[in-house]
Amino acid sequence: RIRGIMDTIYSRILHALPHFASNHFLKRVVSLDMPLISLTYMLMGVLCMVMLGNGCGPGQSKIFLSLLGIYTVMLSTAAAYGLCMFMQVPYTQLQTILPFILVGIGVDDMFIITQTFRDMDVTLPIEERVAQAMKRCGMSVMYTSVTDTVAFALGSASSIPAVSYFCSYAATSCFIDFLLQVTMFVSFLALDARRQNANRYDCCCCFVNKSLNHQAIGIKEMTAVVAVSGQPSSELLDASIAEADTRAPSQREGKLRTFLRDTYTPFLLKPVVKALVCALFLVLAGVNIYGVTQVQEEFKVIDLTPDESYLRDFMDVEAKYGMDAFGEYFETRLYFKSLDYTSASVQSKIAGLQDNAESLKRTTTPVVSWLDDFLAWAAHDSRFNTTCLNEDGFFSDSNQFYDALGYFLADVSYSHHYQNLRFNDDGEISTSRIGLWHKKVGTTEEKVAAMLELREECERTNLSPKPFPYTFAYVFIEQFVIIYWELVLNLVLSLAACAVVSLFVLHHPGVVVLLIVIVSLIDVDLLGSIYFWGLDINSITTIDLVMAVGLVVDYVAHIMHFYLHQDPALTNRDTRVINAMAEVGPSVLSGCLTTFIGILPLMFAKSEIFRVFFKM
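This is a predicted model, so every value here is computed, not measured. (Residues numbered from 1 in each chain as written. Predicted model: local features only at pLDDT ≥ 70, side-chain atom pairs only at ≥ 80, totals over all residues. Heavy atoms only, no water.)

K.L.:
How do you make sense of the confidence of the model for the protein chain when you look at a structure like this?
P.N.:
The predicted coordinates of low-pLDDT regions are not to be read in fine detail. In the predicted model, the protein chain carries a mean pLDDT of 80, and the fraction of residues at 70 or more is 84%. Segment residues 12-16 is flagged for pLDDT under 50; beyond a separation of four residues in sequence, or across chains, it makes five contacts in the model. (pLDDT = per-residue confidence, 0-100. Contact = heavy atoms within 4.5 Å.)

What follows is the structure in structure tokens.
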């Protein structure tokens, strides 16, 4: 009777856990960090304003353009979410972290388009400058966007639902973001250039700054029409351009570009520095390969809860007293459906399966079996023990089976077995279950082995239909049957997508191989960092790793694409590298810094989901 009461209590606890760990509870976790998420978006927006602008003056700042660029990314996210929901792709709260990666990708494209537009001849009409800029950088933007879209689309074929749903949303978002970047944002850029030509204030474009000196803007931001005393003058324009061209490169092109072209890249290309950098990254790769071999597969339900949560307190107390539903010992159940329980042969097969399950290495008593208790009760009841039980102790009188079962369940000592039986409209048992315990399964590998060996035992029985084991813990253990290989498959598919798209765009097999090697090394470093961060491989870190591939490919691909599209007359490789870094380096670095600094507030998140995202 005590065992039955404890079984009832524990069953109700386990019944409550799915609610706590459900998507509904994740909403509460996310809502607690919404102020921090909002701060992150605001910080990214401010950084975009600083990076896109060419100064703080009224004619140089690009606050409004930055806000419109962020709006473009947010609009693409909303459109993608709506389209996926229309296509019946389930939405989970893990999709909440997707906008961060989209902002990173979108901001990177914004910087490249804006910087390339600045590099165009300012004497050309704005429409021509836009056309020339898109001719120069449009293929690079499309290249990285298509690579991201295809990589995420392949990831949507994952067998893990959370990863599949996330990749579906990500692929759609990347594609729509690309469409809006090369249409809407480019239009905003042209309008901003018109505003600047007219000497109108950044955020108050209705007002003209008549005192603005066009020469202070610089050759890269000068207008094609010079307003002096209200009348344009081509002579003054020519003089202004000539004067601007005589200024120092640091004044004309920006300090970051000058630093990358004149200091950083030449230093990096010195033979000794090249060797040191390669050696350093090979050592880093070796360290992280060690981390890859040490990382464990583990998932803690408590990670889904905020730091200050009644559920976290409950789980801590539960673990303290050895009642952790996901600890070294936890309960499971065998479920039986659509069987003829009045048959002594069926009862014998159920009992045989139960005995075999008890003898498994990772399964132990106590067994909560309504059938054992029912047969023991009938053996001591004078109404049934003489005529209804066969020599093996099973109930053989099918006509009196349900009468006896009714008396059995009416006994207060056995009434708790009502929760282990379900009856159809005819009063017959439609479904039943028997409780078992897994033992000494402290690691994820042992939990997976315990689940699989019990399943195999159920498959060996000749009952029809086959019984199956289930407990709430299996919902989380199930992922570890395939998660490691799913992670490897997703990374390999991402690299394959990158290689195929790169071959069509770059037309240079050697550079494509180099690209794949670099991205592979970065992926290994990310995977190994899981161990050094004290994290485990699970659905959350898998999603973060898949997301990271998008950013990694973008940064590397942009540099290689601009390297290959330098002037063919330049045969010196170092010169081509220097020019490529000067052209696209500031944009890539600005996008990287904006994304990195923007997510820094997430280190203070109250939920483990966002802290893991920050670390990854």
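What follows picks up the thread again.
K.L.:
Looking at this structure, how should I read the side chain of His416?
P.N.:
Relative to the elements of secondary structure, His416 occurs in the loop between α15 (401-410) and β5 (421-423). On the accessibility criterion, His416 (16% relative accessible area) is buried. (Helix = DSSP H or I, 4+ residues; strand = E, 2+ residues; numbered from the N terminus. Buried < 20%, exposed > 50% of the residue type's maximum accessible area, 1.4 Å probe, protein only.)

K.L.:
Got a minute to help me understand the pattern of salt bridges in this structure?
P.N.:
Two side chains carrying opposite charge are able to pair once their charged atoms lie near each other. Taken as a whole, this structure holds eleven salt bridges when the rule is applied. Note that Arg194 is salt-bridged to Glu127, the shortest N-O span being 2.7 Å. With Arg194 in helix α7 (residues 161-197) and Glu127 in helix α6 (residues 126-155), this pair connects stretches of sequence that are 67 residues apart. For Glu331, the salt bridge identified is with Arg333, shortest N-O distance 3.5 Å. With respect to burial, Glu331 and Arg333 carry one shared label: buried. (Salt bridge = Lys/Arg side-chain N within 4 Å of Asp/Glu carboxyl O.)

K.L.:
Would you mind showing me how to read the packing of helix α11 (residues 271-294) against helix α19 (residues 509-532) here?
P.N.:
Their axes nearest at 7 Å, the elements α11 and α19 cross at an angle of 55°. The orientation of α11 with respect to α19, classified from their angle, is oblique. The hand of the α11/α19 crossing is left-handed. In this structure, α11 uses Leu284, Ala285, Val287, Asn288, Ile289, Tyr290, Gly291, Val292 and Gln294 to contact α19, whose residues at the interface are Leu521, Val524, Asp525, Leu527, Gly528, Ser529, Tyr531 and Phe532. (Axes fitted to C-alpha atoms, helices over the stretch in contact; angles between N-to-C directions. Parallel < 35°, antiparallel > 145°, perpendicular 65-115°, else oblique. Left-handed = near helix turned anticlockwise from the far one by under 90°.)

K.L.:
Mind showing me how you'd approach the pairing of strand β6 (residues 429-438) here?
P.N.:
Two faces make up the sheet, and in a regular strand the side chains alternate between them. Most of β6 is tucked away: seven of the ten residues are buried. Sheet topology note: the strand β3 (residues 330-337)/β6 ladder contains eight bridges and is antiparallel. Paired with Arg333 across the two strands is Gly435, which belongs to β6. Pairing between β5 and β6: three bridges, direction antiparallel. Its bridge partner lying in β6, Arg422 is registered against Thr431. Connecting the antiparallel pair β5 and β6 is a turn made up of five residues, with Gly427 showing a positive phi of about 80°. (Pairing = 2+ DSSP bridges.)

K.L.:
Help me out: how do you make sense of the environment of Ala404 in this one?
P.N.:
One can find Ala404 in helix α15. On the basis of relative accessibility, which here comes to 0%, the residue Ala404 falls in the buried class. Placed 16 residues apart in sequence, Ala404 and Cys388 show a C-alpha to C-alpha distance of 9.5 Å. Once residues within four sequence positions are removed from consideration, Ala404 is found in contact with Phe374, Trp377, Phe384 and Phe395.

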